[in-house]
Amino acid sequence: MRPTTVRSSYRLQLRPDALTFADATAIAEYLQQLGISHVYLSPVMTAARGSTHGYDITDPTTVSAALGGPAGLKALADEVRSRGMGLIVDLVPNHVGVGDPQQNRWWWDVLRLGPESKFAHYFDIDWSPSNGAGGRLALPVLHSENDPAALTVDRSGSEPMLALHDLRFPIAPDTDGDNALRIHDKQHYRLVSWKAGLCGYRRYFAVNGLAALRQEDPEVFEATHRELAAWCEHDLIDGVRVDHPDGLADPAGYLTRLRRLIGPHRLLLVEKILANREPLDPTLPIDGTTGYESLADFGGVLIDPAGEPTLTELSRRVAGHGSDRIWLGEKEHRIKRAVAESILAPEVRRLVAAVKRDARAEHFDTMAVTNATIEVLAFVPVSRADYAPLAGMIGAVVAEVERRNGELQAPLSILVAALAAGGEAMVRFCQVSSAVTAKAVEDTIFYRAARLVSLQEVGGNPARFGHSLNEFHLANAARAVRWPATMTTLSTHDTKRGEDVRARIGVLSQVAPAWARAVTSWLETTPAPDGATALFLLQNMFGVWPADGRPVSSVHGLRDRLHRFAEKAVREAGEHSSWEDPDTEFEAAVHTWVDAVIDGPVGRQLTDFVHDLAPHAWSDALAQKLLQLCAPGIPDVYQGCELWEDSLVDPDNRRPVDFGARAGLLHALTGTPGLDVTGAAKMWIVAYALWLRRERPDCFVGGTYTPLFGTGDHAGKLVAYARGRAGSEPEVIVAATRYSVGLADSGWGDTAVDLPPGNWTDRLTGHTFTGRARMEKLFARLPVALLVR
């Protein structure tokens, strides 16, 4: 049977304690009524006990019993299929969870039997005598120098095990009998300090609890995709989302095998963070990405460039830097080097060893090759540079490094010889490059820059202060032609802030002088332990602050959420504290300051500031949502985001969603709602846009895209486009307001847009327009319009 055509998706973050297969089955009717065509599930395979995200899979051969097992997944698939809907599943091929060895039978067997384990080749393990652990598998699990003394032998079960606090490790055959330390010395693994810079296996980024798999091995691919093959055979699913393919040895080869497995008609999307102006490889057998790059477009077109000078100067004065293009470029290079030299040192060490082997230069100075390799990694401007459109990029980077640093010429020649061989060194270089970029940019710089934090988003480029209308339209037009079935999104489980939080923060670009004066006054009233940290946190607090005038203390859980976000932010930034070495004194000062902001005069003024700008924040939130829902591609709605949402970074964005309240509100909507704190207006446009996609699918995926431009006093404050069937006239027009703050005083004046021939009815209000539509009438009820001929 040909899979159900995907028109839209709704992302569900499954978790055993809040959203199982049965829970998802129960809300299928609501999602159908909302207009969703496909339920998009987070990973469904057996994960670490208590996991709230599912990416720490411990058994990739079984469906999670905690979520409802195979029967629960089948029941969910049957339910959505009976409603004309379908399923998209999130696949995690790059790694498995090994934080608790007992939960992962493959890992347990490798620890027990070493290289002789039948699963040893499943993992990317360094068994070489020079691996820093005497040829044993280094496990970075010790937290202190006294930990080895805490080792004991646990004989309470069917087999003896080494015990370290709550963790258990296997004992190899014929090695039991002595005390715990002597037994440990006979094992195929060696427990080492997590601060030692040793790790005997490739990881997911720098997460010790996630060990990478070797999908390039056909046996590993078959074992980890057996369930997926069965789902396809029994027509349970309609699409696959691939988590982090950049970590694999050969992403293109993997995706080719995956496409062969799932067939030509199922949707195949990859989680891919494209750098600024990096093209998606058109030779890959995929339908597109999960939409990070489109997220930057939909939000960026609403950012007012007029605010850039003021916010840059504020950042320079308060944070000590402008968070501008020059600063970001310098920081990226410096932080990439630091990341490669510290938390990713084990991966870099293996890369350098492979470089020397592949270049047949075993006797060349290791430090020199390491320095040259790290310098090249630090200048690679993309996640990994071995995709087809990027041919020649590594050569250009090497040339730039050589120009800057002539004494690296000799070790660079070693690196070039190794990369040219196209063997292990090239594979490891690209894998390490991906990890270095992720840890340095999204996980560090995006917590240090403080000019306009809504730009600091996965797939975003904070050096670009917004997108022009022309950029926006050309990006959409290209997507319509090249990637018509790619996913588009505004929120995911990985975004640093939810879509409505970003929209509100983006409004600060329209009121930059007022924001600068307020921040200056607030920091005088309530001095912060660090200016950059304060400027970063104040914007995020503004983004989630109650818009209805309530104090933060009266909003359940908000104070605690702000404190947890502040702690994560300062540790990710890594300037005053870190995950590896928390500065409790600095963190305590930040927590004290956060409370002083919440409870003091700053909090009261922030309440007024948020209240005054709330209509404009809602306007931008509706604008980006409607622009996304009707644009080229398949729009994904992240769970709960059909109403206003105030999520910050994970785990905040994985909080349970009240679907009952949403279903009740959807049923209660009988007329065009106004802009208010309920979010009813957002649900209204989500539902009408999704219903329209269901009614006229050919106008959207595979349909035409035509930019529309306004005329008159404020033509630049209108963003609009038309959609239609291929080869036919437009049938749908989307129009949205940008820069609404200035319009509050001036009004739209003579601004209008010339509509294509015909009568056009706004599905959101019922009003009809022909010929030239004046903006003051088009946007009389809502700041957006969805016109249908």
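On a predicted model such as this, the values are computed, not experimentally measured, just so you know.

## Overview of the overall build of the protein chain
For the protein chain, the count of helices and strands is 27 helices and 26 strands. The C-alpha atoms of the protein chain give a radius of gyration of 27 Å, which matches the 28 Å a tight globule of 789 residues would have. In terms of overall dimensions, the protein chain has a C-alpha envelope of 85 × 65 × 55 Å along the principal axes. Taken across its 789 residues, the protein chain has 62% of its residues classed as buried. Contacts in the protein chain between residues far apart in sequence, at least 24 positions, make up 73% of those at least 6 positions apart.

## With respect to helix H18 (residues 499–506)
Most of H18 sits inside the fold, with eight of its eight residues counted as buried. Of the positions making up H18, those classed as buried are Glu499, Asp500, Val501, Arg502, Ala503, Arg504, Ile505 and Gly506. The elements touched by buried residues of H18 are helix H9 (292–300), helix H20 (531–544), helix H23 (601–630) and helix H25 (680–695).

## Details of the UniProt feature "domain: Glycosyl hydrolase family 13 catalytic" (unreviewed entry) in the protein chain
UniProt annotation of "domain: Glycosyl hydrolase family 13 catalytic" (unreviewed entry) refers to residues 13–669 when read in the numbering used here. Taken end to end, residues 13–669 is 47% helix and 11% strand, and its first and last C-alpha atoms sit 26 Å apart.

## Notes on the sheet that holds strand E17 (residues 487–488)
Strand order across the open sheet formed by eight strands is E16-E15-E14-E5-E2-E1-E18-E17, with parallel pairing between neighbours. The sheet is open, and its two edges are formed by strand E16 (288–289) and E17, each paired on a single side. With respect to the sheet, helix H3 (residues 69–82) is in contact with strand E2 (38–41) and strand E5 (86–91), its orientation differing from that of E5 by roughly 140°.

## Some words on the sheet that holds strand E23 (residues 760–762)
What the six strands build is an open sheet, ordered E19-E20-E21-E26-E23-E24; its pairing is antiparallel. Single-partner strands in this sheet number two, and they are strand E19 (704–708) and strand E24 (768–769). As defined by bridge partners, strand E20 (residues 718–724) adjoins strand E21 (residues 730–737) across seven bridges and the pair is classed as antiparallel. Across the sheet, Tyr721 pairs through a bridge with Val734, a residue of E21.

## Digging into the packing of aromatic side chains
What characterises a pair of aromatic rings is the spacing of the ring centres plus the angle enclosed by the ring planes. Going through the model one piece at a time under the given rule, you end up with 22 aromatic pairs. Both rings, one in Tyr10 and one in Phe659, keep their centres 6.3 Å apart while their planes meet at 55°; by these two values the pair is tilted. Of this pair, Tyr10 sits in strand E1 (residues 9–12) while Phe659 sits in helix H24 (residues 659–668); the two residues are 649 residues apart in sequence, bridging distant segments of the chain. Each of the two residues, Tyr10 as well as Phe659, counts as buried. Both rings, one in Trp107 and one in Phe123, keep their centres 4.9 Å apart while their planes meet at 70°; by these two values the pair is edge-to-face.

## Regarding the domain arrangement of the protein chain
According to the domain assignment, the protein chain consists of domain 1 (9–94 + 215–290), domain 2 (101–212), domain 3 (324–448) and domain 4 (505–612). For domain 1 versus domain 4, the distance between C-alpha centres works out to 37 Å.

## Some points on empty space enclosed by the protein
Evaluation of the coordinates by the stated rule reveals nine cavities of 30 Å³ or more. Of the volumes computed, that of the largest cavity is approximately 130 Å³. As for the largest cavity, its lining consists of 15 residues, and the residues nearest its centre are Tyr447, Asp530, Thr533, Val570 and Ala573. Counting only elements with at least two residues in the lining of the largest cavity, the list comes to helix H16 (424–448), H20 and helix H21 (558–573).

## What to know about the layout of surface pockets
Of the volumes computed, that of the second largest pocket is approximately 1,100 Å³. Around the second largest pocket, the lining comprises 44 residues; the ones closest to its centre are Arg561, Trp644, Glu645, Asp646 and Arg655. The set of elements that each furnish at least two residues to the lining of the second largest pocket consists of H18, H20, H21, H23 and H24. Top contributing element to the lining of the second largest pocket by residue count: H21, with four residues. Per-class residue counts for the lining of the second largest pocket are 19 nonpolar, twelve polar and 13 charged.

## Some thoughts on the packing of H18 against H20
Across the interface, H18 lies against H20 with an axial gap of 8 Å and an inter-helix angle of 115°. Crossing of H18 against H20: the hand is right-handed. Residue-level contacts link Val501, Arg504 and Ile505 of H18 to Gln539, Asn540, Phe542, Gly543 and Val544 of H20. For the contact of H18 with H20, the per-class residue count stands at four nonpolar, three polar and one charged.

## A few points about the nonpolar core
Core analysis: the biggest nonpolar cluster contains 204 residues, and Leu228, Trp231, Val240, Leu258, Trp515 and Leu537 have the highest contact counts within it. Counting residues per element, this core draws most heavily on H23, at 15 residues. Excluding residues within four positions of it along the chain, Leu537 makes contact with Phe565, Ala566, Ala569, Val590, Trp593 and Val594. In this structure, Leu137, Leu139, Leu151 and Tyr201 belong to the second largest nonpolar core, which totals 29 residues.

## Focus: the packing of H18 against H23
It is at 8 Å that the axes of H18 and H23 come closest, and there the two elements cross at 120°. When the axis of H18 is compared with that of H23, the two are oblique. Crossing of H18 against H23: the hand is right-handed. Of H23, the residues touching H18 (which contributes Glu499, Asp500, Ala503 and Arg504) are Val610, Ala617, Asp620, Ala621, Gln624 and Lys625. Here the residues of the contact of H18 with H23 are counted per class, giving four nonpolar, one polar and five charged.

Quick notes on the rules
- Residues numbered from 1 in each chain as written.
- Predicted model: local features only at pLDDT ≥ 70, side-chain atom pairs only at ≥ 80, totals over all residues.
- Heavy atoms only, no water.
- Helix = DSSP H or I, 4+ residues; strand = E, 2+ residues; numbered from the N terminus.
- Rg over C-alpha atoms; globule rule 2.2 N^0.38 Å.
- Buried < 20%, exposed > 50% of the residue type's maximum accessible area, 1.4 Å probe, protein only.
- Contact = heavy atoms within 4.5 Å.
- UniProt positions renumbered as here; feature names shortened; annotations may be inferred.
- Pairing = 2+ DSSP bridges.
- Axes fitted to C-alpha atoms, helices over the stretch in contact; angles between N-to-C directions.
- Phe/Tyr/Trp six-rings, centres within 6.5 Å; stacked < 30°, edge-to-face > 60°.
- Domains from an automatic or database assignment.
- 1 Å grid on protein atoms, 1.4 Å probe; cavity = no way out; pocket = protein on both sides within 12 Å on 5 of 7 lines; lining within 4 Å.
- Points joined across faces, edges and corners; volume = space filled by probe spheres on them.
- Nonpolar A, V, L, I, M, F, W, Y, C, P; charged D, E, K, R; others polar.
- Left-handed = near helix turned anticlockwise from the far one by under 90°.
- Core = buried A, V, L, I, M, F, W, Y, C linked by side-chain atoms within 4.5 Å.
- Parallel < 35°, antiparallel > 145°, perpendicular 65-115°, else oblique.

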